[in-house]
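Chain by chain, the residues:
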Amino acid sequence: GRMAKNSIISSLLRIPNFNVNAYPTATLSVVIILETMLSLFIIYKTPYTEIDWNAYMQEVKGVIDGDLNYANLRGDTGPLVYPAGFVYIYSALYFLTDRGSNILKAQYIFLLLHVCCIYVVVKLLMSNTRKLPLWVVIATCLSRRIHSIFVLRLFNDCFAVFFCYVALFIFCSNRKHSTSLTWSLGSVFYSFAVSIKMNILLYAPAIGLLYLKYLGFAGTVKQIMLCAFVQLVLGAPFLLTYPENYVTRAFNFSKDFEYKWTVNFKFISEELFLNKRFGHLLLLVLVTTLLATAHCIWCRKEGGLIGYVMRYWKVKKIQSPKKKQSNNKKKTNKKEKEKELAAVVSGEYFLDRLFLCNFMGIVFAKSLHFQFYVWYFHSIPYLAWRSTLPLVIKWILILAIEGVWNVFPSNPVSSIVLWICHLVLLCTVIMYQYLSGHKKLD
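So, here is what we can say about the structure in this document. Fair warning: this is a prediction, and the values are worked out from it, not measured in the lab.

## Regarding the environment of isoleucine 416
Part 1: Positionally, isoleucine 416 belongs in helix H20 (residues 412-438).
Part 2: In this structure isoleucine 416 comes out as partly exposed when scored by relative accessible area, which is 40%.
Part 3: For the pair isoleucine 416 and phenylalanine 265, spaced 151 residues apart in sequence, the C-alpha separation works out to 7.9 Å.

## Quick word on the side chain of serine 195
Part 1: By secondary structure assignment, the location of serine 195 is in the loop between helix H9 (180-194) and helix H10 (204-239).
Part 2: Take serine 195: its relative accessible area is 0%, and that puts it in the buried class.
Part 3: Among all residues touching serine 195, those that are not within four sequence positions of it are Pro83, Ala84, Gly85, Phe86, Gln231 and Leu234.

## What about the side chain of lysine 266?
Part 1: For lysine 266, the position within the fold is in the loop between helix H11 (243-250) and helix H12 (270-274).
Part 2: Among all residues touching lysine 266, those that are not within four sequence positions of it are Tyr259, Lys260, Ser410, Asn411, Pro412 and Ser415.

## Topic: helix H7 (residues 144-152)
Part 1: Burial runs high along H7: 8 of the 9 residues are buried.
Part 2: Of the residues making up H7, those classed as buried are Arg145, Ile146, His147, Ser148, Ile149, Phe150, Val151 and Leu152.
Part 3: Turning to H7, the residues buried within the fold contact helix H2 (24-45), helix H5 (103-127), helix H6 (134-141), helix H8 (157-172) and helix H19 (391-405).
Part 4: Among the residues of H7, the N-terminal cap falls to serine 143, whose side-chain oxygen and the backbone nitrogen of arginine 145 are separated by 3.4 Å.
Part 5: Of the residues one or two after H7, leucine 154 is the one with positive phi, at around 55 degrees.

## Describing the packing of aromatic side chains
Part 1: Applying the stated criterion to the full structure yields 44 aromatic pairs.
Part 2: Both rings, one in tyrosine 373 and one in tryptophan 405, keep their centres 4.8 Å apart while their planes meet at 10 degrees; by these two values the pair is stacked. One end of the pair, tyrosine 373, is in the loop between helix H17 (349-363) and helix H18 (380-385); the other, tryptophan 405, is in helix H19, and 32 residues separate them in sequence. Like tyrosine 373, the residue tryptophan 405 is buried in the burial classification.
Part 3: By way of ring pairs, the aromatic residues Trp53, Tyr56, Tyr82, Phe86, Tyr90, Phe110 and Phe159 are connected into one cluster.
Part 4: Across the ring face of tryptophan 385, the terminal group of arginine 386 is positioned such that the distance to the ring centre comes to 5.8 Å.

Criteria and thresholds
- Residues numbered from 1 in each chain as written.
- Predicted model: local features only at pLDDT ≥ 70, side-chain atom pairs only at ≥ 80, totals over all residues.
- Heavy atoms only, no water.
- Helix = DSSP H or I, 4+ residues; strand = E, 2+ residues; numbered from the N terminus.
- Buried < 20%, exposed > 50% of the residue type's maximum accessible area, 1.4 Å probe, protein only.
- Contact = heavy atoms within 4.5 Å.
- Polar contact = N/O pair within 3.5 Å; in protein donor to acceptor, adjacent residues only side chain to side chain.
- Phe/Tyr/Trp six-rings, centres within 6.5 Å; stacked < 30°, edge-to-face > 60°.
- Lys NZ or Arg CZ within 6 Å of the ring centre and 35° of its normal.

From the geometry alone we can't say anything about function, so treat these as descriptive.
Pasting the structure below:
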């Protein structure tokens with residue numbers, strides 16, 4: 001009896017660590033069905049909350065009526081502060097939802113967006129990991145606050161992160177087979193995501209390092225120019241009419257945030273919060289952390305940041321397999337095969353860098369508002385999984401972060417708890433990546 005009991009318990013304990021990579025189609029199907037049902041249930045059971053939707057509609061109505069001057073475009077919550085991609089998406093929504101009046105239709109569109117977003121995220125995780133445990137997938141899909149940001153609040157952050165995840169998925173596909181066309185496609189989606197909301201730029205340092213590794217210096221410059229070109233094309237109607245107003249409003253890096261909405265800094269005074277020097281100090285800490293991590297962990301094999309840049313400055317042309325065969329049929333020995341395999345980095349190489357880079361930006365952000373949770377929520381379970389924490393602590397940490405984001409309004413205690421969780425996760429993820437770089441943890 002006791003033996004049977006023990007085996008049942010051990011079987012149950014193994015469920016969370018069940019490897020979903022063994023059943024990709026089944027996993028995605030179940031995720032999509034449950035996600036759709038849950039979102040429908042939320043739409044029907046929970047009243048819609050008006051926060052920014054009407055303001056978004058007022059802002060784009062100005063453009064639809066022919067005013068291309070960003071100085072005049074505003075809604076109830078203030079002036080229009082998002083780039084052109086936002087204007088196009090919400091103009092489309094304006095017409096699809098009877099000039100913004102059909103809220104239920106808008107909620108259904110966001111339901112579809114959320115299901116697509118979850119699909120891309122889970123596919124991204126499964127395609128770039130070797131043994132993804134079931135609990136990571138569950139934790140990536142379940143969040144009260146995220147569902148509310150999508151189907152009850154209709155924030156533009158949802159579109160920005162969706163297109164960003166599509167870009168990351170395309171970038172990561174270069175891990176197995178790198179082509180400049182794939183990188184360019186990723187850059188187009190990435191730049192489009194930035195044109196909806198600028199927080200997507202938090203991924204830029206990691207993307208830059210990946211560009212350099214796979215495309216060399218010249219290729220990296222080309223991709224950055226392509227990203228800039230996308231911004232010029234999207235912003236053209238505004239750049240050709242009132243360029244200065246567009247650039248200063250849509251790409252305002254020194255924006256002041258309101259103290260009352262901050263989730264991460266309620267434990268300091270409003271005076272300190274609004275102090276410019278305080279913002280500069282946070283930026284300094286972020287840049288230092290990023291550079292140290294890149295130098296000591298991400299670029300360690302190449303001998304640090306400088307060595308990394310020197311090594312990948314010129315990209316090595318990969319010969320096509322057919323040419324190789326005709327050149328030397330006999331030379332396909334072990335060593336060549338090993339060389340080719342070395343070019344294919346391990347599953348988690350891309351995601352470790354991309355997600356940690358974005359997370360650093362979140363940890364040291366001047367202010368986090370409630371909808372900003374969606375900027376990094378989908379990467380929290382992955383980061384917790386790839387940290388040095390014991391399994392139960394990983395789960396407690398994920399639940400604690402979710403808990404804090406559901407405290408409204410924020411207070412000093414919730415802000416401090418968020419900081420503790422963020423710093424614990426940040427340190428243990430950096431530790432994990434440092435150790436797995438030295439002696440293979442994987």
